[in-house]
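Tertiary structure, described
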Amino acid sequence: MTTHNSYKIQFRFIVSFVLLLLFAAQSNGQQYNTIYWMQGIPQYVYSNPAHQTDANWYIGMPGTSSIYGGFGNSGFKISDLLRMDENNNPYWDEPNFLSKLKNKNLVYADAQIEALAFGFRFKEKNYFHFNFSEKISAQMGYPKDFFLLALEGNNYFVENTDHGDANFKGLGLNIMHYSEAGLGYSRILNDKINIGGKVKILFGHANAYMKSNDFRFNTNPETFALTLYTDATINTSLPMEIGPIELGGDDDENESENGDEFVFDPVEYLVNFSNFGLAGDLGIIYHYDEKITLALSVIDLGFIGWKSNVENQRVTGEVMYDGIDIGNLFALAGFVEPIDDNGDEPVDPIDQALENLDIEYSQNSYSIFMSPKIFLSAKYILTEKHNFSFLARGNFFESKLYPAFTLAYNIQPIKPVGFTLAYSYMNYNYMNIGFGMHLNLYPFQLYLVADNIFPALQPHTVQTANIHFGINWVFGYRKKTDPGKPFHGWSF
Amino acid sequence: MKAIKLKGIVKKLIVFILLIPFWSGCDYSYLDMEELPEYEYSSEWILPLLKSKMNINSLFIDSEDQTVFIDNDDLVWLIYQGELYSVTGGEEYSISNQSFNYDLTFNGANRSKATFFQQISFNPQEDEDIRKIIFTSGLMNFSALAPQLVLEGVQLQFDITILNSDDGTGNPISFTTQLAQSAQVNLANKTLNFAVNQTLTVQVEVTVISGAPSSPPYTINISQSFSNLDYFELQGYMKQRSFSLGSDDVDLGFFKNVVDGEIFFEDPTIELEAENSYGIPIDIHFDAFFSSYDENKVDVTGNPIPDNPWRINAPTIMNAGTVVKTEYEINKTNSNIHDVIAIMPKTVSYDIRGETNPDGNTQLNHVRKNSQFRVGVTVNLPLHGWLRLAGFRDTMDFALPEVDNIEYLELVINTVNSIPVTSFLQMDAFDADYNFLKTILRGDQALILAAEVDFDGNVLSEKKSTTSIRIEKEELEEIKNVAHLVFRAKVTSYGDGQRNIKIFSHNELNVYVGVKAGIKQVINFGSEE
């Protein structure tokens with residue numbers, strides 16, 4: 001077997017292994033598609049630790065070296081709901097909006113600020129980089145049936161018997177704030193292969209996580225009984241204590257007995273290192289030949305263990321309401337004597353139904369696995385200064401895959417400048433035009449990357465929006481020596 | 001050459017892509033809240049309102065007047081009972097105080113003994129021919145007077161024996177007394193056996209125990225009495241007497257609230273049961289026996305009973321003290337019971353009289369103080385037949401929620417019925433002062449469909465039905481002040497009452513009432529004018 005073929009087998013094995021890991025993951029939604037091959041920007045290594053940026057060494061401007069904000073909604077865009085007729089008059093199109101929703105949809109938002117970053121090349125083939133960042137992410141899965149119920153009413157499910165129950169199982173929530181300290185290393189093994197890895201220590205500050213194993217709403221067509229089936233878990237690690245959820249009864253009874261007001265201490269909050277986590281990135285770059293380069297990376301393989309102020313609430317049970325029992329209808333109509341109820345107080349049917357809900361409260365630590373993202377990319381080098389690339393990325397949330405694909409054109413016409421134009425399919429939306437650029441004004445570097453520029457132009461068409469920008473100090477661009485190394489130069 | 005061609009293509013591609021956003025143009029109109037069109041929210045909701053689950057146990061319940069019985073075939077019977085009691089033996093038969101005075105002519109010399117036999121006859125209360133009395137209490141007093149002998153200083157001893165009596169030990173009642181003294185005997189647990197005409201023989205032995213009678217014959221006045229007599233048992237011939245047990249009404253709750261209609265029970269019966277502890281042959285006479293509903297009345301007739309007296313059994317002398325039962329069933333083969341029930345009576349009334357010894361003195365009677373007879377009348381209505389009934393009852397309090405955003409309300413009534421009875425229900429809305437507002441549910445449309453039956457009346461399968469009553473917004477306005485719902489119901493058995501049905505204990509009826517509401521709300525996003 002040739003060395004080339006053995007590499008192929010190993011490559012396929014790695015891809016399969018990483019794909020399997022994705023099925024156990026929770027997503028945190030950060031997107032790095034357009035930046036993937038922008039080697040002039042040091043932060044591009046975050047998407048593949050095997051990358052080595054052009055600069056021999058760099059320092060990120062503290063607090064502004066990497067500022068990222070992103071938003072995405074796989075379900076719909078505004079123009080799916082608010083449409084224009086032939087006279088250009090807006091109207092609400094509920095049927096179209098509902099047709100666009102998938103059974104499970106995801107909306108997410110995340111932000112990241114890099115407090116400190118630096119990197120350097122060591123003995124030509126090795127590259128180290130370090131970063132310390134604050135990251136906030138929020139994802140919420142929402143099912144289509146939720147909107148069907150709200151907009152159509154429950155009679156929709158009664159009349160469409162093939163639909164089944166209103167299923168809210170895709171409802172989930174994960175909000176997380178954590179700090180990340182990462183140390184990455186990349187090495188050029190030979191002419192063909194670069195490998196890299198990164199170890200990240202994570203410190204969780206706050207988390208709210210909800211997962212529903214079963215969440216259905218049923219309307220019985222014969223008895224009209226309304227039944228809510230639920231099996232949901234809510235885990236939180238927050239600066240304040242929430243306490244057990246109580247349903248029914250007087251509101252006064254549900255007030256916390258602890259009359260102390262909550263006071264937020266930001267220092268205590270930020271230096272909380274109780275919620276420790278560990279994650280890793282892996283990457284490999286394979287130079288197939290002079291024109292084609294393949295890359296595979298898996299980002300955020302890891303977890304955070306939540307220990308401080310943890311609270312767990314597991315809500316299970318069936319809540320059913322089937323109307324007021326009037327007892328003997330024939331007694332009502334006068335054919336027989338009514339049964340004496342002995343003057344018993346009538347039971348509130350709502351309170352009675354809620355008694356079937358079991359809320360199990362505990363304070364056990366828990367772990368949340370980070371959402372690994374797998375990037376599979378191929379680059380075709382057109383010329384020394386131009387290349388095309390194709391990228392496939394997978395995100396998982398609540399057992400559903402949210403894929404994205406990007407086709408990019410990367411150009412570095414002159415040494416200090418690089419551009420990227422990208423076209424992406426993300427969140428089931430085909431209209432995502434991405435743009436990226438870096439400008440080196442020695443030693444400062446400004447960069448700006450966005451997966452989709454349409455939010456600035458036509459926000460109603462957008463399901464994906466993000467922006468990533470920053471300032472670095474970059475030093476020591478290397479001259480082009482052979483195809484395995486980064487290049488710079490102007491040619492069009 | 002190829003590279004130059006590629007560069008040209010790439011240039012054009014870049015320009016094309018860069019121009020895309022400009023072709024589309026900037027458009028922020030969707031974010032202008034004031035330009036947003038009004039949104040009409042419209043949805044349809046169905047909610048459970050009422051439910052009623054009934055099986056036979058909830059339809060028919062045991063009460064003071066009604067018993068629900070399930071036979072071995074699971075068929076439901078409604079049973080209504082009444083009973084009358086006669087007076088007890090102690091109340092009907094009593095023994096009056098008895099008093100006897102008789103003279104004995106004594107010719108006795110010194111230390112002589114003379115024996116006298118005196119017959120006394122008890123007078124019964126009526127003209128019974130008593131042969132035996134077993135006493136629980138009583139006193140017998142005996143005194144003998146002879147003034148002449150007293151003057152002469154003679155003392156006599158009297159040894160008295162009541163022949164054919166029993167003092168409780170198997171010996172006759174006997175006692176001793178002296179002249180001018182009174183003797184008293186407690187008759188408790190003692191028995192007197194009488195000869196014909198309630199006669200007793202009293203043996204009196206007179207002995208001179210002191211003094212010497214000098215001038216016989218002497219007349220000794222005997223005074224003997226029986227008082228405060230209470231018996232345990234009387235035997236004899238108690239003659240013919242008439243016991244009036246009075247009258248009674250058996251309330252048939254099944255028809256209590258029926259206003260109109262027809263009903264047919266396939267096998268109704270009236271069971272007569274007599275329990276008798278009198279040791280006397282008795283004939284029960286029904287001086288009145290009829291069913292009635294308001295002005296309608298039908299006499300119960302039947303052969304042999306109640307057209308003829310009903311001879312009830314009596315315990316024999318060997319079984320004295322026991323209760324003997326006699327039963328008779330009035331049914332469709334021996335009476336007009338179908339006619340009796342057909343008027344849907346509220347009551348079955350009867351007036352009973354008992355005649356003792358109807359055949360005369362044919363056997364020895366015995367009566368105990370607690371002897372009694374009871375006549376029970378049980379009307380059995382097995383739910384097998386057909387019916388076409390109407391009933392009326394009072395109201396259910398009810399109030400409508402706010403109706404501003406409700407375009408319509410649709411009452412949906414689902415029934416699952418394994419009882420072979422079709423029900424029609426009319427529901428009228430009234431305000432707080434019982435002013436009529438509107439008929440919500442018309443009574444001419446079947447609300448609950450009967451389960452299908454075979455030719456024997458057995459249910460084949462349950463029947464489901466759905467009734468929808470749509471009330472538009474304008475109609476909701478008419479009944480927004482509703483405070484009471486008045487129900488009128490009509491029921492017919494399967495096949496419009498043309499076929500027999502059977503109702504078993506496992507039959508049940510479930511009624512579910514839901515309300516379907518169309519909600520409409522217009523939301524304006526523009527600025528308020």
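Remember, it's a predicted structure, so these values are computed and weren't measured experimentally.

As a further point, take helix 4 (residues 144-152) of chain A. Along helix 4 of chain A, the residues that are buried comprise A:Lys144, A:Asp145, A:Leu148 and A:Glu152. Viewed end-on, helix 4 of chain A has its buried residues packed into an arc of 95 degrees, placing them on one side of the element. Elements that come into contact with the buried residues of helix 4 of chain A comprise helix 3 (94-100), strand 5 (104-122), strand 6 (126-143), helix 5 (155-159) and strand 7 (166-167) of chain A together with strand 1 (39-55) of chain B.

On to the pairing of strand 9 (residues 193-219) of chain A, then. Two faces make up the sheet, and in a regular strand the side chains alternate between them. All names here are of chain A. As paired elements, strand 7 and strand 9 share two bridges and run antiparallel to each other. The residue of strand 9 that forms the bridge with Ala166 is Phe217. Both strand 8 (residues 172-188) and strand 9 contribute to a ladder of 17 bridges, which runs antiparallel. Paired with Tyr185 across the two strands is Gly197, which belongs to strand 9. The hairpin formed by strand 8 and strand 9 contains four residues between the paired strands.

Right, let's get into unusual backbone geometry. Residues and elements named next belong to chain B. Note that the residue after Asn303, namely Pro304, is joined by a cis bond; omega there is 10 degrees. Cis peptide bonds are those with omega within 30 degrees of zero, and the linkage from Ile305 to Pro306 qualifies with 10 degrees. Tracing the sequence through the fold places Pro306 in the loop between strand 18 (296-299) and strand 19 (310-312). Located in the positive-phi region is Asp294, a residue other than glycine, with phi close to 55 degrees. C-beta crowding within 10 Å serves as the criterion here: with 8 such atoms nearby, Asp294 is assigned to the exposed category. Phi is positive for Asn357, which is not a glycine, with a value near 45 degrees.

Residue and element names in this part refer to chain B. You can see Glu233 is positioned in strand 13 (residues 218-237). In sequence terms Glu233 and Lys132 are 101 residues apart; their C-alpha atoms lie 7.9 Å from each other. Discounting chain neighbours no more than four positions away, the residues touching Glu233 are Ile134, Ala320, His366, Val367 and Arg368.

Residues and elements named next belong to chain B. For strand 5 (residues 113-121) and strand 12 (residues 199-210), the ladder comprises nine bridges, and the chain directions are antiparallel. Its bridge partner lying in strand 12, Ile120 is registered against Leu200. Pairing of strand 7 (residues 155-162) with strand 12, which is carried by eight bridges, proceeds in the antiparallel orientation. Counterpart to Ile162 in the pairing with strand 12 is Val202.

Next up on the list: the sheet that holds strand 16 (residues 269-276) of chain B. Residue and element names in this part refer to chain B. Here we have five strands laid out as an open sheet, ordered 2-3-23-16-20, and antiparallel in their pairing. Each end of this open sheet is capped by a strand with a single partner; those strands are strand 2 (66-70) and strand 20 (324-330). Each adjacent strand pair in this sheet contributes to an overall mean axis angle of 25 degrees, direction not counted. Bridge analysis of strand 2 against strand 3 (residues 76-85) gives five bridges, and the strand direction is antiparallel. Bridging across to strand 3, Thr67 finds its partner in Ile79.

Another aspect to go through is the sheet that holds strand 5 of chain B. Residues and elements named next belong to chain B. Taken in spatial order, the four strands of this open sheet run 5-12-7-9, and their pairing is antiparallel. Single-partner strands in this sheet number two, and they are strand 5 and strand 9 (173-178). With direction set aside, neighbouring strand axes in the sheet form an average angle of 20 degrees.

So, on to the environment of B:Phe255. Residue and element names in this part refer to chain B. The residue Phe255 is located in the loop between strand 14 (242-251) and strand 15 (258-265) in this model. Phe255 sits in the buried class, given 21 other C-beta atoms within 10 Å. Spatially, the C-alpha atoms of Phe255 and Lys346 are 5.9 Å apart, while their sequence positions differ by 91 residues. Setting aside anything within four residues of it in sequence, one finds Phe255 in contact with Met344, Pro345 and Lys346.

About the thresholds
- Residues numbered from 1 in each chain as written.
- Chains lettered and ligands numbered in written order.
- Predicted model: local features only at pLDDT ≥ 70, side-chain atom pairs only at ≥ 80, totals over all residues.
- Buried ≥ 20, exposed ≤ 12 C-beta atoms within 10 Å, placed from the backbone.
- Helix = DSSP H or I, 4+ residues; strand = E, 2+ residues; numbered from the N terminus.
- Arc of directions from axis to C-beta.
- Contact = placed C-beta atoms within 7 Å.
- Pairing = 2+ DSSP bridges.
- Axes fitted to C-alpha atoms, helices over the stretch in contact; angles between N-to-C directions.

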